[in-house]
Amino acid sequence: MQKPARRPAPRHARPSRRGRTAALATGALAVTGAGLLGVPAVTGAQAAALPTVTQDQLTPATMVAGKASAASLTLHSSSCFTAKTVGVGLRDAAGKNLDFPGNRSNVQVCPAGLTVTTGTRTLAAGTYTQFGFWQDSTGGWHNLPSRQLVVSAGTPTPTPTTPGTGAPVAGKKLTWSDDFNSLDLGSRWTADRSSSYHYGDHNPNDNKLDWLNKNNVAVSGGVATFTARPSTHTLENGKQAWDTGLLTTEYSGEGFKVKAGDYIETRVKLPAGTGAWPALWTWNGTGGAHGEIDSFEYHSDNPNLLELTNHINPGHLYYTDAKAIAKDGWVTIGTLYGATSVDWYINGTKVFSDGKGVGAGWSAYPILNLSLSAGNYHPAPSGTTPITFAADYVRVYR
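Residues numbered from 1 in each chain as written. Predicted model: local features only at pLDDT ≥ 70, side-chain atom pairs only at ≥ 80, totals over all residues. Heavy atoms only, no water.

Colleague: Even after reading the chapter, I still don't get the packing of aromatic side chains, so can you show me in this structure?
Modeller: What characterises a pair of aromatic rings is the spacing of the ring centres plus the angle enclosed by the ring planes. Evaluated as defined, the whole model comprises 12 aromatic pairs. With a centroid separation of 5.4 Å and 40° between ring planes, the pair formed by Phe226 and Phe389 is classed as tilted. Here Phe389 lies in strand S26 (residues 387-397) and Phe226 lies in strand S13 (residues 223-234), a separation of 163 residues in the sequence. Taken together through their ring pairs, the aromatic side chains of Trp176, Phe180, Trp189 and Phe256 make up a single cluster. One residue, Lys208, lies across the ring of Trp277, its end atom 4.9 Å from the ring centre. The ring of Tyr393 carries the charged tip of Arg395 above its face, separated from the ring centre by 3.7 Å. (Phe/Tyr/Trp six-rings, centres within 6.5 Å; stacked < 30°, edge-to-face > 60°. Helix = DSSP H or I, 4+ residues; strand = E, 2+ residues; numbered from the N terminus. Lys NZ or Arg CZ within 6 Å of the ring centre and 35° of its normal.)

Colleague: Looking at this structure, how should I read the side chain of Thr282?
Modeller: As for its placement among the helices and strands, Thr282 is situated in strand S18 (residues 276-283). Residue classification places Thr282 among the buried residues on the basis of a relative accessible area of 0%. At a separation of 2.8 Å, a polar atom in the side chain of Thr282 contacts the main-chain carbonyl oxygen of Gly291. Side-chain polar atoms of Thr282 contact the backbone nitrogen of Ile293, separated by 2.9 Å. Residues within four places of Thr282 in sequence aside, it is in contact with Val258, Gly291, Glu292, Ile293, Tyr337, Trp362, Ala364, Tyr365 and Pro366. (Buried < 20%, exposed > 50% of the residue type's maximum accessible area, 1.4 Å probe, protein only. Polar contact = N/O pair within 3.5 Å; in protein donor to acceptor, adjacent residues only side chain to side chain. Contact = heavy atoms within 4.5 Å.)

Colleague: Whenever I open this one, unusual backbone geometry confuses me. Can you help?
Modeller: Most peptide bonds take the trans form, and the phi angle of most residues other than glycine is negative. The step from Thr59 to Pro60 runs through a cis peptide bond, and the omega angle for that step is 0°. Here Pro60 shows up in the loop between strand S2 (53-59) and strand S3 (62-64). Despite not being glycine, Asn106 shows a phi value in the positive range, around 50°. Along the chain, the position of Asn106 falls in strand S6 (residues 104-109).

Colleague: Where do I start with the environment of Gly140 in this structure?
Modeller: Among the secondary structure elements, Gly140 is positioned in the loop between strand S8 (126-135) and strand S9 (141-152). We classify Gly140 as buried; its relative accessible area is 14%. With 56 residues separating them in the primary sequence, Gly140 and Lys84 have C-alpha atoms 9.5 Å apart. Every residue in contact with Gly140, bar those within four places of it in the chain, is listed here: Trp134 and Gln135.

Colleague: What is the right way to read the confidence of the model for the protein from this model?
Modeller: Low pLDDT means the predicted coordinates in that region are not meant to be read closely. For the protein, mean pLDDT is 85; residues scoring 70 or higher make up 85% of the total. Here residues 1-44 is a poorly scored stretch, pLDDT under 50, and it has 132 contacts once near neighbours within four places are set aside; other chains count. Here residues 155-165 is a poorly scored stretch, pLDDT under 50, and it has 19 contacts once near neighbours within four places are set aside; other chains count. (pLDDT = per-residue confidence, 0-100.)

Colleague: Explanation requested: the sheet that holds S9 in the structure shown.
Modeller: Across a sheet, paired strands are connected by hydrogen bonds in the backbone, their directions being either parallel or antiparallel. Spatially, the 5 strands line up as an open sheet ordered S3-S9-S8-S5-S6, and their pairing is mixed. In this open sheet, the two edge strands, each paired with only one partner strand, are S3 and S6. Strand after strand, the sheet turns through a mean of 35° between neighbouring axes, direction not considered. In this sheet, S8 lies alongside strand S5 (residues 81-91) in antiparallel orientation, the contact comprising 7 bridges. Bridged to Gly89 within S8 is Phe131. (Pairing = 2+ DSSP bridges. Axes fitted to C-alpha atoms, helices over the stretch in contact; angles between N-to-C directions.)

Colleague: What exactly am I supposed to notice about the pairing of strand S24 (residues 349-353) here?
Modeller: Strand residues, when the strand is regular, have side chains that alternate between the two faces of the sheet. Note: strand S23 (residues 342-346) against S24, 4 bridges, orientation antiparallel. Considered in S24, the bridge of Ile346 is made with Thr349.

Colleague: Can you help me understand the pattern of salt bridges in this one?
Modeller: Oppositely charged side chains may form a pair once their charged atoms are brought near each other. For the structure on display, the rule yields 6 salt bridges. With a shortest N-O distance of 3.7 Å, Asp206 and Lys208 are connected by a salt bridge. The exposure class assigned to Lys208 is buried, which follows from its relative accessible area of 3%. Between Lys350 and Asp343 there is a salt bridge, with its nearest N and O atoms 3.9 Å apart. (Salt bridge = Lys/Arg side-chain N within 4 Å of Asp/Glu carboxyl O.)

Colleague: What is the right way to read the nonpolar core from this model?
Modeller: In terms of nonpolar packing, the biggest core is built from 48 residues, with Phe226, Val268, Leu270, Phe296 and Leu306 touching the most fellow members. With 5 residues, the single largest contributor to this core is S26. Every residue in contact with Phe226, bar those within four places of it in the chain, is listed here: Asn216, Val217, Gly245, Leu246, Leu247, Leu368, Asn369, Leu370, Ile387, Thr388, Phe389 and Ala391. In this structure, Leu50, Met63, Phe81 and Val116 belong to the second largest nonpolar core, which totals 24 residues. (Core = buried A, V, L, I, M, F, W, Y, C linked by side-chain atoms within 4.5 Å.)

Colleague: I would appreciate a short explanation of the environment of Thr74 in the present structure.
Modeller: Residue placement: Thr74 occurs in strand S4 (residues 72-77). For Thr74, a relative accessible area of 1% corresponds to the buried category. Taking the C-alpha atoms as reference points, Thr74 and Val116, 42 residues apart in sequence, are found 6.4 Å from one another. Residue contacts for Thr74: discarding those within four places in its chain leaves Thr54, Gln55, Asp56, Gln57, Leu114, Thr115 and Pro386.

Colleague: Sorry, what's going on with the state of the cysteines here?
Modeller: In a disulfide, the sulfur atoms of two cysteines are held together by a covalent bond. Applying the stated criterion across every chain, the model contains 1 disulfide. Through a disulfide, Cys80 is tied to Cys110; the S-S separation comes to 2.1 Å. With the S-S bond torsion at 125°, the cross-link from Cys80 to Cys110 turns out right-handed. With a gap of 30 residues between them, Cys80 in the loop between S4 and S5 and Cys110 in the loop between S6 and strand S7 (114-117) connect regions that are remote in the sequence. Accessibility expressed as a relative area gives 47% for Cys80, which makes it partly exposed. (Disulfide = S-S within 2.5 Å.)

Here you go:
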């Protein structure tokens, strides 16, 4: 993507109860990380032959009682092998198995990593023990590091809105939205190309390691998760690419565009991984700035800062708020594309007006994506651990 140069930021086969419970006993280990649970009946030559499996990410850390949620497990191994089962285990305070449904069977686990998203379930309020697990070819069960899952009795705090409109901007009505109850690739979204990328699916010219792959966007429990992991592709500049996710309405059947006067809003969970560069922005491929308005850009090395930018009639703010913006934290971000002023909203409150605007005839395709920095202005990814970014919805009011 030939965007203007970035300015540096201020620096289901459910496991048997016997097998899952037995795995709590002490035994040989074939996993890494703190808080391991022992693996039974794997000793000597058997243990030596097993790959090392590392749990990279396990979500959620919190749930709300009575509200169905899915779990997501990302793991990788020292060498490729086929696991008979991979899933997410759960036990209540009394030790009762309440595993998330939807285990993956006969799945290949490799150094490049694997993400498994389970089916949804509801839980009563309380504290649970949550962990990933896998089963080897001999039938042995292996538990990965455990963590607490806290299920609260309350309800989520709603995004502040103007009564009767559904948006902080008066007089606007919902005209287009996706709450990610499913992923509509084709008629609604495109996930494997954008004209903002010089080569369609990748663009090393913009200090990015991205290689777009539609399989790197997944939807579960009303949330779209974008996952980035090291790619088998090499960029034209010789750097290793990262396969990652992008959603744009460009090239879709609907071909939806936002236009002057629209208000767009998304609720996202900001990533923690080094090199992560998520954004909600626009692109129309014409004009010097190509219609680009950045509702936000985020870099985890500036954990409490969002970059808010009008590239059409230049206006910019580095917005910092340690209470609202943080790694692994949810935040609601909105933008009013005014003809004479672009206005930005954080959690329903206006935080910046650029007094420049987009002009009366402006229109563009919205893009929500997870990019990876190549290291010029912000650190590039270190290691091979997958990086994730999540979105609850995208809504446009007109």
